[in-house]
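The chain contents come next:
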Amino acid sequence: MSTSSNASSPGRNLVGWFANLSTLFLLIMILVISTGEMMHGQLLKFGEVLFSDPQQQVQYFLLRADPEKPTCNANLNVDQEVARQEAEAAKGTPAGGTADDVDDLFGARKFNAAAVRESLTATVKNCAERHVMYDHIRAHITPQLKFYRGLETSFFTLFKFGADNRAMTLLILLTITAAYTTLGFHHISLRPARYLRDYQAQAWAMLICSGMMMYSSVRYYQISVDSGVPLEDPRVYYMWIVLFAVMSAVSAFRIVRPPRSQEPTKGSWLHALEAVPLIANLGIFTSVYFFMHDHPSGPAIYANKILDFISLPLALALHIWAGMLFKQSRMVDMFMNIMRPWKLSPEALTYIILLAAGLPTAYAGVSSVFVIAAGAIVYHEVRAVGGTSQYALAATAMSGSLGVVLSPSLLVVGIAALNRQVTTAQLFYWGFFVFALTSTAFFIASQIHRHNRHQRAAVASPMVAVPAMLREMKAVIPYVLVVGAIAMFYSHVLDTPFNEISAPSILPIMMLLVLVFDKKFQARDAAARNFAPVGAAAVQAMPMPEPASETTHVEPAYAAQRQKTASGAIRAATTETVEHVGAYISLMLFTQLVSGVVERSEIMTMAPQVFPNVWWAMTFLVIAKVILGMVMEPLGAIVLVSSTLAPMAYANGIEPVHFWMMVLVAFELGYLLPPVALNQLLTRQVVGEAEIDKSDAEVAGASFYRRYERWILPCLVMSISLAIVAYGPLLVQRVDFFKPIAHLFH
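This structure is a prediction, so every number in the text was calculated from the model and none was measured.

The rules behind these values
- Residues numbered from 1 in each chain as written.
- Predicted model: local features only at pLDDT ≥ 70, side-chain atom pairs only at ≥ 80, totals over all residues.
- Heavy atoms only, no water.
- Helix = DSSP H or I, 4+ residues; strand = E, 2+ residues; numbered from the N terminus.
- Buried < 20%, exposed > 50% of the residue type's maximum accessible area, 1.4 Å probe, protein only.
- Areas by Shrake-Rupley, 256 points an atom, 1.4 Å probe, with all protein chains shown as cover.
- Expected span 1.5 Å × (residues − 1).
- Contact = heavy atoms within 4.5 Å.
- Polar contact = N/O pair within 3.5 Å; in protein donor to acceptor, adjacent residues only side chain to side chain.
- Phe/Tyr/Trp six-rings, centres within 6.5 Å; stacked < 30°, edge-to-face > 60°.
- Core = buried A, V, L, I, M, F, W, Y, C linked by side-chain atoms within 4.5 Å.
- Salt bridge = Lys/Arg side-chain N within 4 Å of Asp/Glu carboxyl O.
- Axes fitted to C-alpha atoms, helices over the stretch in contact; angles between N-to-C directions.
- Parallel < 35°, antiparallel > 145°, perpendicular 65-115°, else oblique.
- Nonpolar A, V, L, I, M, F, W, Y, C, P; charged D, E, K, R; others polar.

When you go through the protein chain residue by residue, the secondary structure sums to 31 helices and zero strands. Residue burial in the protein chain is summarised as follows: out of 746 residues, 51% are buried. Of the roughly 35800 Å² that the protein chain leaves accessible, carbon and sulfur atoms contribute 64%.

Written as structure tokens, this is what we have:
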């Protein structure tokens, strides 16, 4: 997370180059491995079609390696072999030539020549079939087959390598990105560092946290070795130690070499505590707890639990990369160009933006990732149509909180993976209604509290807006075709439909191709605009300047960070990805430690497992979920909830789907509330401290609501939505007045 423009960026030196290149390599490797699995499955199918011979019973799986020639004798004389065995039996020697003491227990046995002849005949027949099959297989091994099976087995080797080394891939990725994020002071904190003491507080806190975690990792390794049980993969233990050792070294370096602050004063140590990264606070607190309870390996043990659901952090890294690539494209600009002819009010346009943002939020994985990727875009677009800065900040913080219940949300996939009581289909079905509820509630609340509610919005006439909108849609058609072609390729060629399972693997590739396509189009348009006629054409063209029209597009402010070339855009997107992956997955990792403290302290057992009625149970669960959302990262929180609070909900008669819908909304409310307010923090970081200060200055002296609208509006909307989601189904199920509509909720 970019916390300050004052910090010297390591991205322009050798360290930044290494971090970018390494992260890009690892992300591409993850994509290639996941795509290799898809390709391998299809290559097996194509191999059966191309090289199988049903008439000779030769299937492709028999051709994947050179066959071994059978060693049996297909020309054995059955009668002679029967006679030989009968003679040996008469002498008291078994057919195998050695006596068996066990057979002597049953006394003398009579030689059955018919049974032996039948057995030998079947054996010879089977041997002959094996020789024939061997000849058939050898006849089918052509140069074309050798080339094809080499390609197919290479994909299998790649996929197997990736599957066997997923833990190491994640840990190496986390080591590189976390070290880079620590070096650049980009970890998530309550307030970005601005003063010298802010940077010093961050560096010291990260050094203490990393040192404690390194010690815990060493103790975890020693205890595992002393247990006498062979380690499943010693490399994982070494990599954990390396991870925290590198973070400790980087933090120590930053203590010695702090960045230059542009502020004239050093700041105060009290305010510097606000700049301490959240992971440092979590790491120090949980480490002290475990050390005081004589369990030094505890932090490392619970950190290692992230490998139990390793697909989630890997998918999150790919989602973040896709979001950063999306940020470098002009797709949002084109969507806004379609909407601008209507001249909508800020509230109406915000409602449409939030509806449109639902799908990208779902594809981004979690709400925070969408705020990271598109928060600045939402803010500046709302401001561009006349929205107040406080309202724009509220919309930005809220933009990521709506689509997390839609397919293919990574949170929902994680819930379904950890809880057999629910499926993604059930959660996504009801998630659509929750999305409609929260987005509409935000629109209604913004209309009630809008700044100029006495002024009628001058919406454009459909006769004017529709033709202009259709003209703008022409520019979007090529992009739609590219996305559709990629989706069809995966669906029909690789037999992998675009869904919540395949989205992490497909989205980055889709965004890479769309970004390259977009930059080619942008370069072509720029060349057409810059083409200068010469000669007589130039003389004629000079006095004819075209007046600006309503369809003239002005590059938005947030587009200034976009690169002009595809390679530059990919490089810039990867640089941001390194920061965000390092910050967010580190937060996800340290959230596991909080789960360990909660589990170890058995604080959940203090609450009654069965409440007097379902209303008390739901109230307790709602409060607990909001509190968890206030202090924990979402993907880590669902692991804790699955093991502790979910069984309590089921025992009190709350249906699993209802419970998890409530959990998702409660978490999103928690991410908007202090003391952490994750989505508000990310909004602050992507918009910038200067814009936040400017917004606060604009509303100085205004009413209480106007001064704190960016906090009150989203929290009010999510609180009302949470109450409806939590208690609405209970009212329908248990209050006679609502019984006539109860069938709608089944």
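We now examine helix H4 (residues 113-140). With 28 residues, H4 ought to run about 40 Å at 1.5 Å a step, and its terminal C-alpha atoms sit 40 Å apart, in line with that. Here the buried face of H4 lies against helix H1 (14-51), helix H2 (78-90) and helix H5 (143-164). N-cap assignment for H4: the residue whose side-chain oxygen lies 3.3 Å from the backbone N of Ala114 is Asn112.

This structure, assessed with the given rule, holds 27 aromatic pairs. Ring centres 5.3 Å apart and planes at 50° place the aromatic pair Phe51 and Tyr148 in the tilted group. Linking Phe51 in helix H1 with Tyr148 in helix H5, this pair joins segments that are 97 residues apart in sequence. In this structure Phe51 comes out as buried when scored by relative accessible area, which is 17%. Ring centres of Tyr60 and Tyr148 lie 5.9 Å apart, and the angle between their planes is 80°; on these two criteria the pair is classed as edge-to-face. One end of the pair, Tyr60, is in the loop between H1 and H2; the other, Tyr148, is in helix H5, and 88 residues separate them in sequence. Here the two residues Tyr60 and Tyr148 agree in accessibility, since each one is buried.

This part takes up the environment of Ala356. By secondary structure assignment, the location of Ala356 is in helix H14 (residues 346-364). Ala356 sits in the partly exposed class, given a relative accessible area of 33%. For the pair Ala356 and Ser399, spaced 43 residues apart in the sequence, the C-alpha separation amounts to 9.7 Å.

As a further point, take the nonpolar core. Counting 185 residues, the largest nonpolar core has Trp240, Leu316, Phe590, Phe659, Trp660 and Met662 as its most contacted members. It is helix H23 (residues 566-601) that provides the largest number of residues to this core, a total of 16 residues. Beyond its immediate stretch of four places on either side in the chain, Phe659 contacts Leu621, Lys625, Val641, Leu645, Ala646, Ala649, Tyr650 and Ile654. Counting residues in hydrophobic clusters, the runner-up holds ten residues, among them Leu43, Tyr60, Ile141 and Tyr148.

A positive phi angle is found at Gln57, which is not glycine, with a value near 60°. Residue Asp495 is not a glycine yet carries a positive backbone phi of 55°. Relative to the elements of secondary structure, Asp495 occurs in the loop between helix H20 (477-493) and helix H21 (503-530).

Moving on to helix H13 (residues 331-339). With seven of nine residues buried, H13 lies mostly within the body of the structure. Three or more residues of H13 are buried, namely Val332, Asp333, Met334, Met336, Asn337, Ile338 and Met339.

Once that is clear, we can look at the pattern of salt bridges. In the structure shown here, the tally under the stated rule is 19 salt bridges. Between Asp233 and Arg235 there is a salt bridge; the shortest N-O distance is 3.1 Å. Judged by its relative accessible area of 37%, Arg235 is partly exposed. The partner of Lys327 in a salt bridge is Glu576, with the nearest N and O atoms 3.0 Å apart.

Here we take up the side chain of Gln592. Structurally, Gln592 is set in helix H23. Taking relative accessible area as the criterion, Gln592 reaches 2% and is therefore assigned buried. Discounting residues that sit within four places of it in the chain, Gln592 has contacts with Tyr302, Phe309, Gly636 and Val639.

Okay, the environment of Asp696 next. Along the polypeptide, Asp696 turns up in helix H29 (residues 689-698). Sequence separation of Asp696 and Gln390 is 306 residues, and the distance between their C-alpha atoms is 8.0 Å. When sequence neighbours within four positions are dropped, the list of residues in contact with Asp696 reads Gln390 and Arg710.

Let us look at the environment of His271. With respect to the secondary-structure elements, His271 resides in helix H9 (residues 269-272). Overall, the relative accessible area of 47% leaves His271 in the partly exposed class. Along the primary structure His271 and Tyr195 are separated by 76 residues, whereas in three dimensions their C-alpha atoms are 9.7 Å apart. Discounting chain neighbours no more than four positions away, the residues touching His271 are Arg191 and Asp198.

The next point concerns the packing of H1 against H23. The N-to-C vectors of H1 and H23 enclose an angle of 90°; their axes lie 9 Å apart at closest approach. Relative to H23, H1 is oriented roughly perpendicular. Of the residues in H23, those in contact with Ala19, Asn20, Thr23, Leu24 and Leu27 of H1 are Arg571, Thr574, Thr575, Thr577 and Val578. Residues belonging to the contact of H1 with H23 are distributed by class as follows: four nonpolar, five polar and one charged.

Relative to the assigned elements, Asn652 resides in the loop between helix H26 (645-651) and helix H27 (656-670). Once residues within four sequence positions are removed from consideration, Asn652 is found in contact with Gln609, Val610, Phe611, Val614 and Ala617.

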